[in-house]
Each structure stands twice: as structure tokens, then as C-alpha cells.
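Structural description and commentary
Each chain is listed here by its residues.
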Amino acid sequence: MSELPPVLKDQVTCRYVTGGLISARNFILALSPIWLVWSLVVMANALGCLLGLISATPADNPQYVTVIGFCLALIGLSFFALRVCGDYKLSFDSQSIKFPSHLLLELKGRLRRSWSELKQVDFVTDDGNVEHPRTVSFVFKDCAVPLAIKGLGQDTLRQLVLAISAHAPAARFVPELSQVDLAILPQSISAAGVGLHATYTQLWESELSERFGSTSFVPMVPGDRLRDGKIKIVGQLAFGGLSAVYLAELADSSLAGNCTFAASQVAGQAVVLKEAVLPVSVGDDARFKALSMFEREAQLLAAVKHERIASVLDFFQERGRSYLVLDHIEGTDLRHFVRDSGKQSALVVTRWLCDIAELLQYLHGLNPPLIHRDIAPDNIVLTPSGRLCLIDFGAANTYIGTATGTVVGKQSYIAPEQFRGKATLASDLYSLGCTAAFALCGSDPLALMQVSAADLPASTDSRLVDLVARLTDQDAGVRPHSAAALYEELQNLRESLLQESRAALAKGSGHA
Amino acid sequence: MPKLLPDRYGRNVIAESVFAGAGNSDLVLRINSICVFRRLDQPKPFLRNLFAINLLFWAIIVISFTFKGIFSLLPSVDALFGMIASSHELAMLFLTVLLAITIGASAFAFLLSSNYKTRRLSVLPDKIVIARQIDNELFVEHYIPWSSLVSVEIKSAKRLGLGEVHSVVINTRGGKSYVVPWDDVLIDNSHASLVNQLETHAPGVLKVSGEQAQVKPAFTELWLHEFATTGQRVNADLLASGHKLQSGDYIVSGILGGGGQGNAYLAQTKEGATVVLKEYVLPVYRGAQVTQNLTDRFFKEAEILKKLNHPGVVKLHHHFVEDFRGYLVLEYVPGLSLKELVLQKGAQDEQTAIAIGIKLCLILKHLHEQYPPVLHRDLSPDNVLLSDDGAVKVVDFNVARQLESSASATVVGKHAYIPPEQFRGKPTCQSDIYALGGTLYYLVTGLEPEPLTTSSPVAYFASQASAAKAHGGSCPVSADFDKIIATATALVPQGRYANAEALLADLSRMQR
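Residues numbered from 1 in each chain as written. Chains lettered and ligands numbered in written order. Predicted model: local features only at pLDDT ≥ 70, side-chain atom pairs only at ≥ 80, totals over all residues.

**Considering the sheet that holds strand S18 (residues 388-390) of chain A**
Spatially, three strands are ordered S16-S17-S18 (chain A) in an open sheet, and the strand pairing comes out antiparallel. With one partner strand each, in any of the chains shown, strand S16 (332-333) and S18 of chain A form the two edges of the open sheet. (Pairing = 2+ DSSP bridges. Helix = DSSP H or I, 4+ residues; strand = E, 2+ residues; numbered from the N terminus.)

Next up, the structure:
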């Protein structure tokens, strides 16, 4: 419960299982019957003799004690060998890397190696095809450890490469990462034209610059505390311009005491902290107006209680910056999900739309109705249970927007009337339509344009195309008249799509 | 027989022949790429075999000892056994046979276990497939149609030496359950993919046990954690008066104001000249390479501006990076921005607006004639200065905007002055003309133009009788000037002035 998401763990532990037939581990393991059984046989014999001899010739005891001692040592040794050879754990943190114990000999006895010792990382191949290496070899000052890539697995390999780049910047990759195809890059990077030969640096750079931009203030760093130490920053999620988003942790449960909204909070609970900083040039009037609007809206948001909507836990001002504390919901946001797994089928998208339309129906049905204002793939999370959750509201954006006369938000997802400053309930439906288009195409739709059949993959079901087109109509009047109506329409569409897909499959398999 | 094929991203897809016609040439392959779990090898059966064999040998030993006990009851047999035992050669033979059997069994266990198999679980539109992969052949073990599915559970358990191990348990209607180990060798998002597919095709079957938070973090979350900043900055606040930059080359003397991207300071150079320092707080990353590339981009943009040499463009003297902040050293222009002008002195008359408009046209013409053309992208009354000596100067080029997020495309801009095509991410020279048109509208009406709307001052004065009254009841803007503004702020670029020269020609005709 109090544990933080795995993202924050400092140490990465993975498995390294050698895939080869002939390995020290397999050999020792295979021979273990000999050690175990024979040492037992010998010991049992010795024990038998000993029992017979205790009464007869006690003088001979020392000889048998030696035999028993030898057998015990043999058993001990075999267990040690088993333990050493059965250890697959490869772990690393920001300081060092610890190899599995069966590499004891290669590592000259020192299993834990500091990153600073790493000189070079070789990709080795045995068939002359450098693009697809079989082995990755860590070259340290005094030794080199070869690890089979097959035994590491893609996930571990990518974590390793990542850690090397981050912690051992001096280590060289031979050949360069750009020349080997480790098949560990996400699809998006390959699809984006960078090709499989994109280097890791490029990958991170594009991701980082997407999340972090230049700001007009200095963002907080992990370890900083707010609210008299009750909220602790654990990591930065994104920042740019006048706002920042952090992952934070509640230090103790007494936050409720001076919390704006009474809510049950647990010490160590992971929360998302949104920070908004108004530029120094904003006048007091505009500042006050924006702040009171924000405060009013935050109070409305705090009243939102839905298991699939991140609830607003707190709202406060500190050192001239405004903060909104939201529940942290574990999962993958739709932008990254679609990017890694590609365009989604009509069936999946319809289910997603259903999920969100249901939430919008709830928000719009509140008294007074609540406009979300920031429905976008970045703000929707696919949780481990498979449902979609809303993790953010547009309120913080509106706050900055009100004070500075700018519009803040994801331009591809903002309805025209919202651009003009008059967000309505229908604006959320427009954003939802854009989100559907994103999921179907795998890329952001054009801002301020109705999505038409030509923009979507040709195979998309015509009813869904029609619905997305109506949702993204520039004229709010043409869109479905309420979230409730949309939800009902989507339910029907989903039902018929499911039935059709099953019928088609049944027919297809019957034919085959 | 479905086949396993690698796709171009290195993940594996299951291709199933759906229809095989009479001729062997028309084999149709349907590729069902969903999620494939990879398990490179399985040490478990190996250990199981090993212990089974060990057990066998223990049994032999126990039995032989027991038999020895039984034999001892029968004197003749005991004598025989004693004879064997006493005969050195026979005892050796017995031992050798036992040893041979042990070694043989070990080798057998070794070979048995080294037959590595990869077990795969994949989700097809109509069913779940559990298959074993040996080399590149796929052997389907079970087909589980959605209709016979009762539940799918994702469980995790602690295993000695391996830490947390996940497994997927599939329960079917027939009471059978299949357990597929969930190795840590997973591809990208396959956990999320599996969950997504299950929830789409068979809603409600998925159960995730308590440890759901243990799910592996997405790749992007991993690097985020690795690269996100550690506190390396020296200064976390606004620069105070007297702060020295570039080892005393610039001394901050006050703060001028702040914008969306950064703050502006007034500073004195060593020579005593007054300059403006525009500050952009750059993100801090751990990887040296990433940081370097980001600052390079900052410099590159600044270099373009440095080349501009026009009296109407605020001169960029110098730029530097200090303490993870980028600084532009700009010419200081004493005067008012157009915004301040209107706020202090009210709306301007038509001729003043035309005079400013002409000067702005000349500046834009110069910018757009550069190769490649330099776009201002954020022309607004805030960014045009009217100096005390009557000159018009453009400030605040979007240097930092280039560093801003691209894919999530967060707009931070004065949307009233931004034409639709710029929102769509394709600004052209005509976009600056739209902004200029909006600026002229602001000058004569004192009001921000309506976003995404063709501006018309005449229409405004017609609708606001009180505004017109200040000008004696008549409209202070001529129909011709109104037409110029309307043409400049046309929503489609085709209806807008093609370039600054065309607008300049029309404005010059109006000038008296």
C-alpha cells in the first residue's frame, strides 16, 4: 500500500539465464547426483562402520571422523556450487552492477563492480553479422564478462544499455549502438523514420524534449519538500513554460489537518503534484482573478469522487506558486501505449470511447456540470485492470491561461469554441473525438479540423468513422448532444462490433 | 499450423493460415500480431528432473540397505552378501555399476533439461493460444476460445533466487486451468497489450491479484527515472539585483518582466551599457550527451537571430549558458510596448496605427526575405516596442519555442494573434501577417481580437455604441482600413495578403 510505484526503485534486478547447453552451471547441476548420492553413500557406510566400531575399537575413531568430515565438506561444497550456479540475479543501481554468482571466475572474484570501472561494452557475434550480436561483453579494467543476449532478454538488455548510458557515460560501445540492431527500441522510434538504427541518445532526447522544455522558473528536484515537509518530491514527470508536473509522496498522514479538502490519505501514498507559476509581469488584478477562479474550480474538482478519475486531494499556494495535488494512478498513458503497440482496432477504440464517455457522462451530470477541458491521450491512462482512467483536469492550464491571456493545452485536442475562450460540455466531446482519431491513426489529428474518413485507416468501420466525424465537427451543434447520448450510442456500436467480429471469425474458421 | 514470424520491429507475430486453396500457391496468411510472451528458457523442468533423479538414487540406496537388512536374517544370503562384500573385485564391480548408472542418469537429466522450449501465450481476435516454441517452429498446445473462458488471472509469487515471478492463470469453462509463466523477458508493453485485448474481447474476465503494482514499468518511465535531474543547479530562484553573470561581464540591475518561457532582466555590462538579459531555465539531465545537444539547439537558434541586422529588430548581442540557464543578451530599448501604449493612452487613431503598421510591414519584409525566412511566430502588442524616439522594434523571437514540446504539442501562445494554420503546426510567412492584422485591430479598438476570427474594427464599433460615442458617434475607422485588417486576418491563407509587401502597398496608399 505504502510502496511507491516501481519506477522509483533505485535498483533494477533482472535475470540472466545462460541459454547455452554447455555451461558451468548445467555441468555442475548435472553432476550433482554424484556428489550428493555418493557422498551420502560413503557417509552412510562410514556411519555404519562407526556405529559398529564405537563399541568395538574406539581407538580407531579419529580416522572415521576425518571421513565424515570429508563427506560433510563434500556435501557443503555441492550445496555451495548449487547456490552459486543457480543464482541468476543480475542487479544494478546508480552506483554499481552486481553480476550473477556463476560468473565468479570471469569476474576474478569480485561480483559487484562500480560503473566507473566499466571501460567498454562489446557486441560480439559469431557469424560475422555485426548487426545482430549474440553476446554483449563488459570490459572492465581487469577482466571481461561475456553475457549472452538471448539469456538477458530484451527488457533486461534495454535496461542495461540505459543504465550504462546514464551511469557510465565514459564507457564506449563497440560497435556503436547505432550500428547494431538489438530489436529493443519501441515501435514508434522505428516507425518515425529514425529507423532501427536510432541511437539511444536520440531516443531519449526526443522523449525528454517532449516532456521537458525550458521554463521561466526553476523546477523542483527530487527530495524537495512542500507543506512543511509533508509532501516530498520524488521525481519530475514533465515541465515547460509556466508549469510542471511531479510525482510526489505524502510524508505522513497529518496532511488532512491543514488540507483544503478533507480526504483520507496514507503516509507514503504516491501523488501527482501540478505546479503553476505565474510570470512576474502578471499584474495583481489578473493574478487575483485567476487564482480565485482556480480555487473555485479546485473545490468543484475535489467533490469529484469516481474510482476511475484521479481525485484532487489538495490545493494550495506556496512561495508564490500554485499547487494541485492529485491521486497517482498506475498505468500507461494512451499516447505511449499507442506509440508502442501501434494503431488500435475499431473494437478497441470503441471500448475506450465507451470508458471515457461514461466518465464524461458522470462529470457532465454533476451539479454544476464539470467541463474536463483537457481530454487527450496524455491524460488518459490504461490501468493494469484494463480500464481507462482520467488522470488530469484542464483547470491548471486554464489558471495560467486566464492570468496571461494565452491558451494552454494540447492544440490538436482543443475544440474551436474552447480556443475562443468559451469551453462548453460539447468541447469535451470534440476532444474525445480527436483522441479516438489518435488511437485509430497512431498520430495526432490536425488541430481545428474535422476528422474525415480520409484521415482514418481505410478499414475502419464506417459507423465509427461517422461518429468520430460528428464528434470533431467544428460546429458544436452538430456533435452528439450529450455525453449520455454518446455513451448509449457507443454501447450499441460496441455490442454490434463485438458480435460482428465473432460472427466473422466463426464463419472464417468454418470455411477453413 | 500457425507459424511464428518476426515482424520488422523484432517482436514476434503469429501468422495463421486461414484458408488454403486447392493449389498450394494460394496459401493465405493472416497475421495476428497481438502480444506474445517470450520465455527464452525454462530452468524449472531441469531442476525438477534433477531432483527426481536424485530421489531415485536415494530410493535405490534405501532399498539396498533395507535389503541388506532382510538378507541378514537369512544366513545363506547374508553369507553370500558377505562374500561379495569381502571380495574386493566384486565390490569394485558393484560400485562401478552404481557409478555408471548415476553418471548415465545425470547425463540423461542434463540432456532432458537442455531441450529448451519457449512457451508463448498470444491473444487472437477469437481465442487465446498457448503454444510451445522450439527453435522457430510453433507447436500449439491449446486453443482457448473466448466463449469457454471463465477468468484470466495475473498472479505473482516470490521465488527463491529469482525474486518476484509473474504468471498468467487461465481458467476455462471445463474446469481446466493453464498456467503460463510470465517471464521478465517481456516485450515493450505486452502486459498492457494483453490487458487491453482481454478487456476488449472478453470484458470482465481479467483478474489482477493484489500485487498489480509490481507490473514492470514502461520503458519510457525507466529512462525518465534514470535521466531526470538531480539537484545540480547552483541557483534556484530569480536572479537578484547585483548578481554577476559570466564572471562579472553582466551585472543584473533589476527585473523587467516575465513571459511564458522565461524572465527578462535589466543588466549592466562591464563597459557600463544597459542590456536586457532574457533567461530560459533549461532542463537538467544526467546524461552529458543529452544536455550538450539541448544547449547546442539553443545556440543554433540564437545564431540565426544574431545574423539579423535591422533597425526594427532588437539586436541580439550575445548569448551564453550559465547554471543550466540560457541567456540572450539583447539591446535595451527604452519605451513602451504597444500593449502598454494602449493601456495607458487608450486606443490609437487610424493614422497612428497605419504608421506603426507600415513600419511593422518593413520589418516583416526583412525577416521573410532572409534565407531561410525567419518567422516571428509570436507577433502581438506585447512584443512590439515603440521606443521613446519613435522607432518601432520587434522583440521576443521564439528562440525557446523550438525547445518546446513537439509531439504532445502544448500551445502556450497568445491565441488571439495566432492563425489556424499555425495551430496546426505549419506556420508560414502569412501567419505573421495574421498576427500583424490582429495587432492593428488591437491598436484601433483597444481590444484583443476574437481568436480564430477575421477581425473587423468597423463591425466592433457598430456593435459597441459606447465605444463609438467616444469618437463623436461616428466610426473612427475607415472602411478601407477595415478591409485591410479583414484581409490581413483572413482565416484561410488564400484570402490573406500573400506577403508583407502586398500589405505594405495597401497601407501606404492609406497613409496621409
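From this point, things continue past the structure.
**Details of the sheet that holds strand S17 (residues 335-337) of chain B**
Residues and elements named next belong to chain B. Within the open sheet, the three strands sit side by side as S17-S18-S19. Their pairing is antiparallel. Among the strands making up the open sheet, the edge pair consists of S17 and strand S19 (392-394). Averaged over all neighbouring strand pairs, the angle between strand axes comes to 30°, with direction disregarded. Of the pairings in the sheet, the one linking S17 to strand S18 (residues 384-387) comprises three bridges and is antiparallel in character. Residue pairing for S18: Leu336 is matched across the bridge by Leu386. Contacts from helix H7 (residues 338-345) reach S17 and S18 within the one sheet, and its direction differs from that of S17 by about 95°. (Axes fitted to C-alpha atoms, helices over the stretch in contact; angles between N-to-C directions. Contact = placed C-beta atoms within 7 Å.)

**Quick word on unusual backbone geometry**
All names here are of chain A. Going from Asn367 to Pro368, the amide bond is cis rather than trans, its omega being 0°. Among the secondary structure elements, Pro368 is positioned in the loop between helix H11 (346-364) and strand S17 (380-382). Positive phi values are uncommon outside glycine, yet Arg227 reaches one of about 55°. Here Arg227 lies in the loop between strand S10 (225-226) and strand S11 (231-241). Accessibility expressed as a C-beta count within 10 Å gives 18 for Arg227, which makes it partly exposed. Of note in the backbone geometry, Arg373 takes a positive phi value of approximately 70° without being a glycine. Tracing the backbone through its elements, the reader meets Arg373 in the loop between H11 and S17. (Buried ≥ 20, exposed ≤ 12 C-beta atoms within 10 Å, placed from the backbone.)

**Considerations on the packing of helix H13 (residues 479-488) of chain B against helix H14 (residues 500-510) of chain B**
All names here are of chain B. For the pair H13 and H14, the least separation of the axes is 10 Å and the interaxial angle reads 165°. Relative to H14, H13 is oriented roughly antiparallel. Read as a crossing pair, H13 and H14 show a hand that is left-handed. Between H13 and H14, the residues in contact are Asp480, Phe481, Ile484 and Ala488 and Leu503, Asp506, Leu507 and Met510, respectively. Of the residues that constitute the contact of H13 with H14, the class distribution is six nonpolar, no polar and two charged. (Parallel < 35°, antiparallel > 145°, perpendicular 65-115°, else oblique. Left-handed = near helix turned anticlockwise from the far one by under 90°. Nonpolar A, V, L, I, M, F, W, Y, C, P; charged D, E, K, R; others polar.)

**A few points about the nonpolar core**
Core analysis: the largest hydrophobic core is formed by 117 residues, its most contacted members being A:Tyr246, A:Val349, A:Leu353, A:Ile356, A:Ala357, A:Leu432 and A:Val468. A per-element tally of this core places H11(A) first, with twelve residues. Beyond its immediate sequence surroundings of up to four residues, A:Leu353 is in contact with A:Leu432, A:Ala436 and A:Leu490. Counting 58 residues, the second-largest nonpolar core is a separate cluster that includes B:Val392, B:Tyr417, B:Cys429 and B:Tyr434. (Core = buried A, V, L, I, M, F, W, Y, C linked by C-beta atoms within 7 Å.)

**Remarks on the pairing of strand S16 (residues 325-331) of chain B**
Residue and element names in this part refer to chain B. In terms of burial, S16 is a largely internal element, six of the seven residues being buried. Strand direction decides the pairing type here: strand S14 (residues 274-281) and S16, joined by seven bridges, are antiparallel. Note on S16: the bridge partner recorded for Glu279 is Tyr327. Alignment of strand S15 (residues 316-322) against S16, held across six bridges, turns out to be antiparallel. Of the residues in S16, the one forming a bridge with Glu322 is Arg325. The hairpin turn running from S15 into S16, its antiparallel successor, is two residues long, and Asp323 in that turn takes a positive phi close to 50°.

**Some remarks on helix H8 (residues 350-368) of chain B**
Residue and element names in this part refer to chain B. Here H8 is 19 residues long and its end C-alpha atoms lie 26 Å apart, about the 27 Å a rise of 1.5 Å per residue gives. For H8, the full list of buried residues reads Glu350, Ala353, Ile354, Ile356, Gly357, Lys359, Leu360, Cys361, Ile363, Leu364, Leu367 and His368. Buried residues along H8 sit in contact with S18, S19, helix H10 (429-445), H13 and H14. (Expected span 1.5 Å × (residues − 1).)

**Comments concerning the packing of H11(A) against helix H14 (residues 425-441) of chain A**
Residues and elements named next belong to chain A. The geometry of H11 relative to H14 is characterised by a closest axis approach of 11 Å and an angle of 165° between their N-to-C directions. The orientation of H11 relative to H14 falls into the category roughly antiparallel. Seen along the crossing, H11 lies across H14 with a hand that is right-handed. Residues Val349, Trp352, Leu353, Ile356, Ala357, Leu360 and His364 of H11 form the contact with H14, whose participating residues are Leu425, Asp428, Leu432, Ala436, Ala439 and Leu440. For the contact of H11 with H14, the class distribution of residues is eleven nonpolar, one polar and one charged.

**Focus: the domain arrangement of chain A**
Residues and elements named next belong to chain A. Taken as a whole, chain A is organised into domain 1 (18-85), domain 2 (103-184), domain 3 (216-328) and domain 4 (331-512). In this structure, domain 3 and domain 4 have C-alpha centres spaced 27 Å apart. Each partner contributes to the interface: domain 3 provides 25 residues, whereas domain 4 provides 17 residues. Taken together, the residues of the side of domain 3 that touches domain 4 sort by class into 17 nonpolar, three polar and five charged. (Domains from an automatic or database assignment.)

**Observations regarding H10(B)**
Each full turn of the α-helix corresponds to 3.6 residues, which orients residues three or four apart in the same direction. Residues and elements named next belong to chain B. In a regular helix each residue adds 1.5 Å, so 17 residues correspond to 24 Å; H10 covers 25 Å between its end C-alpha atoms and thus fits that length. Within H10, 17 of the 17 residues are buried, which leaves it mostly tucked inside the rest of the structure. Looking one or two residues beyond H10, the residue adopting positive phi is Gly446, at roughly 75°.

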